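One-letter residues, chain by chain:
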Amino acid sequence: MTALQHVKLGTYYVVHMPEPDDFDFWRERARALVQCDVPPDRIAWVEPGGSGDLFAHGERRMPVPPADAGPVRANRRFIALAKNAILHSDPQRFAQLYLLLWKLQSNPRIMEDKADPDVRRVEELDKNVRRDSHKMHAFVRFRLVESEDEEVGEHYVAWFEPDHHILRANAGFFMRRFSNMRWSILTPRGSLHWDTETMSEGPPAERSDAPGGDPMEDLWRKYYASIFNPARLKIGAMLKEMPKKYWKNMPEASLIPELVAGAQGREAKMVEKGALEFEERPDTLEAIDKAIHACRKCPIGALDNHAVMGEGPQDASLMIVGEQPGDQEDQAGRPFVGPAGQLLDVHLEKAGIDRRAAYVTNAVKHFKYVQRGKRRLHQNPGAKEIDTCRWWIESERAIVKPKLVLAMGASAARGLLGKTVSISKVRGSPIPLEDGSELWVTAHPSYLLRLDGPAREEQARLFDADLAAVRERLEDLA
Ligand code: URA
């Protein structure tokens, strides 16, 4: 039986939803209705824009719960499911959720009953919405639009057709991910606009409102072609993950038939070093910051993470380079703020180096991880990923022009030198860099964190000695 079939002839409480995704409004109305003991078949939930005429003849005013009304039961599982399921485009969802809330009052354990058809229906709604959000995260493609208004500058616009009312719920994801870009996401259900500081909403859009193609698309196509591994081609799995309906909005999709057709005969060919060159080196730190957020030169940037820009004075004499942002840095958008950063701060202070006077950055700009349940576990970047990201560290060096660069750990050293070196062999003395500056290499503070006992003490001593040598050298160069 569908929720609507519960509605009988007679009088109804008609709830006009102001927004299709307004969970708080639904919750407030549903709570009052439960407290007034109104059964599901006495309520008509009307979508925004819906007339509700069908029920007008018998419409009753919303009841006011009595002062001594008892609490409404709604456990965490129900709330979590309902918050997401309400985004579904099924017009029955409000009624369906009420029906389940109603049943929960007499059966508090109903959410554990996997066979209950109303629990299953809400779970299904939730699943469909999650899938739609996942597709949106994966398949929104921004296209660069140059505004004629110089003040506005670059603007990235994406067109996406969600199945459900997921736009507002996913605004935070895109805001965090592309915080330094000015962007708009246009959909037939509404639009979002981010100007790097504030988010605003706009009316539904049409496909023709979004631009058709730009140089960013070529970059995507090249990247996609380079990571497309014919040896691993599974067309069924690919279609499941990337349903055809999204292809029309994805620049790389135009390559798929060609790549698939040629796959059998071709050798697997992965991203070649330097295959994707940017045309011009950015000449300000702001430009680098903006560009790294859009960077997909290697697959790390396509994970659910944010680029983390270096920080510190633009004319710093010392540049400190780590490996890549960790989980906390990814969330904070700043380098070395997590446990390794805290340990680094302690040792820098001990050595008499003022972190605020240094430019602190990473060899790789995005956090590489594997998801394990709720945790994101750090993964070392590969040599190719470090080499690809050298473009950015070199760009930062060209602007900051530090006299001395301190690379912490093997990845950082590779990011500066373009080759792998053994830390124990190169630490303690300077390596001249091509621009006349000096590279000093030491261990990464995370390495110290992984040790304990005498081994930790020994490594901490070596680390302190390296930092002290750097401070002395800086004084010489001042
Ligand atoms: N480790 C790094 O290498 N960099 C950071 O920013 C944080 C941890």
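These numbers come from a predicted model, not from an experiment.

Novice: How would you sum up the overall build of the protein chain? Please name residues and give values.
Specialist: Counting secondary structure elements, the protein chain contains 16 helices and 15 strands. Taking all 478 residues of the protein chain together, 48% fall into the buried category. Summarising the internal contacts of the protein chain: among those between residues at least 6 apart in sequence, 73% fall at separations of at least 24. Approximately 24,000 Å² of the protein chain is accessible, and the part contributed by carbon and sulfur atoms is 51%.

Novice: Outline the pattern of salt bridges, listing residues and values.
Specialist: Using the criterion set out here, one finds 32 salt bridges in the structure. A salt bridge links Arg 168 to Asp 21; the nearest nitrogen and oxygen atoms lie 2.7 Å apart. One end of the pair, Arg 168, is in the loop between β5 (154-159) and α5 (171-177); the other, Asp 21, is in the loop between β1 (12-16) and α1 (23-35), with 147 residues separating them in the sequence. As a salt-bridge pair, Glu 475 and Arg 471 come within 3.6 Å of each other at their nearest N and O atoms. With Glu 475 and Arg 471 both in helix α16 (residues 453-477) and four residues apart, the pair spans about one turn of that helix. Residue classification places Arg 471 among the partly exposed residues on the basis of a relative accessible area of 24%. Sharing partners across several salt bridges, the network here consists of Glu 19, Asp 21, Arg 168 and Glu 201.

Novice: Give me the site of the ligand: which residues, what numbers.
Specialist: The immediate surroundings of the ligand are formed by Gly 322, Glu 323, Gln 324, Pro 325, Gly 326, Glu 329, Pro 335, Phe 336, Asn 362 and His 444. Gln 324 has a polar backbone atom sitting 2.9 Å from a nitrogen atom of the ligand. In isolation the ligand offers 240 Å² of accessible surface; the protein chains occlude 93% of this area. Grouping the constituent residues of the shell around the ligand by class yields three nonpolar, five polar and two charged.

Novice: I'd love a proper account of the nonpolar core, names of residues and values included.
Specialist: Core analysis: the largest hydrophobic core is formed by 52 residues, its most contacted members being Trp 26, Trp 45, Phe 78, Tyr 98, Phe 142, Phe 174 and Trp 183. Considering each element in turn, this core owes the most residues, seven residues, to helix α3 (residues 93-106). Looking at which domains feed residues into this core, each of domain 1 (6-134) and domain 2 (140-209) gives three or more. What Trp 26 contacts, discounting residues up to four positions off in sequence, is Met 17, Trp 45, Phe 78, Ile 86, Phe 94, Leu 97, Tyr 98 and Leu 101. Val 321, Val 400, Ala 407 and Ala 413 belong to the second-largest nonpolar core, a separate cluster that totals 32 residues.

Novice: Which residues make up the side chain of Asp 90, and what are the values?
Specialist: Along the chain, Asp 90 turns up in the loop between α2 (76-85) and α3. A residue is classified by how much of its surface remains accessible, and Asp 90, at 18% relative accessible area, is buried. Among the polar contacts made by the side chain of Asp 90, one reaches the side chain of Arg 121 at a distance of 2.5 Å. Contact partners of Asp 90, with chain neighbours within four places excluded, come to Glu 47, Arg 121 and Leu 125.

Novice: Could you give an account of unusual backbone geometry, with specific residues and numbers?
Specialist: Phi at Thr 196 takes a positive value of approximately 80°, unusual for a residue other than glycine. The topology assignment puts Thr 196 in the loop between β7 (190-194) and β8 (199-202). At Lys 401, a residue that is not glycine, the phi angle is positive and equals roughly 50°. For Lys 401, the location among the structural elements is in the loop between α12 (383-400) and β13 (404-408).

Novice: Tell me about the pairing of β13, and name the residues and values.
Specialist: Across the five residues that make up β13, a large majority, five, are buried. Covered by surrounding structure in β13 are Leu 404, Leu 406 and Met 408 together with Val 405 and Ala 407, the residues of both alternating faces. As defined by bridge partners, strand β9 (residues 318-322) adjoins β13 across four bridges and the pair is classed as parallel. Across the sheet, the residue bridging to Ile 320 is Leu 406, located in β13. Two strands pair when backbone bridges link them, and β13 and strand β15 (residues 438-442) are joined in this way by five bridges, in the parallel orientation. Residue Leu 406 lies in a different strand from β15, and its bridge partner there is Trp 440.

Novice: Give a description of the sheet that holds β13 that names residues and reports values.
Specialist: The strand order β10-β9-β13-β15-β14 describes an open sheet built from five strands, whose pairing is mixed. The sheet is open, and its two borders are formed by β10 (359-362) and β14 (431-432), each paired with just one other strand. When β14 meets β15, the two strands line up antiparallel, connected through two bridges. Bridge pairing in β15 places Ile 431 opposite Leu 439.

Novice: Let's hear about the side chain of Glu 438: which residues, and what values?
Specialist: Relative to the elements of secondary structure, Glu 438 occurs in strand β15. Reaching out from Glu 438, the side chain makes a polar contact with the side chain of Arg 473 at a distance of 2.5 Å. If near-sequence neighbours (up to four positions away) are discounted, Glu 438 is found in contact with Lys 403, Leu 404, Val 405, Pro 430, Ile 431, Leu 433 and Arg 473.

Novice: Which residues make up the pairing of strand β11 (residues 369-372), and what values go with them?
Specialist: The sheet contact formed by β11 and strand β12 (residues 375-378) spans four bridges and is antiparallel. Pairing of Gln 371 across the sheet is with Arg 376, part of β12.

Novice: Before we move on, can you summarise the environment of Val 129 with the specific residues and values?
Specialist: Of note, Val 129 is situated in helix α4 (residues 117-139). For the pair formed by Val 129 and Ile 86, sequence separation is 43 residues and the distance between their alpha carbons is 8.8 Å. In contact with Val 129, other than residues within four places in its own chain, are Asn 84, Leu 87, His 88, His 164 and Ile 166.

Novice: Can you explain the confidence of the model for the protein chain? Please cite residues and give values.
Specialist: Averaged over all residues, the pLDDT of the protein chain is 85; the fraction at 70 or higher stands at 80%. Across residues 263-278, confidence stays below pLDDT 50; counting only partners more than four residues off in sequence or on other chains, it has 27 contacts.

About the cut-offs
Residue indices follow the written sequence of each chain, beginning from 1 at its first position. In keeping with the predicted nature of the model, local features appear solely for residues at pLDDT of at least 70, side-chain atom pairs appear and are counted solely at 80 or more, and the whole-chain, interface and lining totals rest on all residues. To obtain the side-chain values, all non-hydrogen atoms of the structure were used and water was disregarded. Secondary structure elements are defined from DSSP: runs of H or I of at least 4 residues count as helices, runs of E of at least 2 residues count as strands, and each element is numbered from the N terminus. Exposed residues in this analysis have more than 50% of their type's maximum accessible area, buried residues have under 20%, and partly exposed residues fall in between, with area computed by a 1.4 Å probe over protein chains only. We call two residues in contact when some of their heavy atoms are within 4.5 Å. Residue exposure ignores everything except the shown protein chains as possible cover, and the areas themselves are Shrake-Rupley values with a 1.4 Å probe. The salt bridge criterion pairs a side-chain nitrogen of Lys or Arg with a carboxyl oxygen of Asp or Glu, the two atoms within 4 Å. Nearness of a residue to a molecule or strand requires only that one of the residue's heavy atoms be within 4 Å of it. Whenever a nitrogen or oxygen atom comes within 3.5 Å of another N or O atom, the pair is scored as a polar contact, on the condition that within protein one atom can donate a hydrogen and the other can accept it, and that pairs from neighbouring residues in sequence are kept only if both atoms are in side chains. Each residue is assigned to one class: nonpolar for Ala, Val, Leu, Ile, Met, Phe, Trp, Tyr, Cys and Pro, charged for Asp, Glu, Lys and Arg, and polar for all the others, Gly among them. Think of a nonpolar core as a cluster: buried Ala, Val, Leu, Ile, Met, Phe, Trp, Tyr and Cys residues, connected wherever their side-chain atoms sit within 4.5 Å. Domains are outlined according to an automatic or database domain assignment. Two strands qualify as a pair provided that DSSP identifies no fewer than 2 bridges between them. Per-residue confidence from the prediction method is given by pLDDT, with values spanning 0 to 100.

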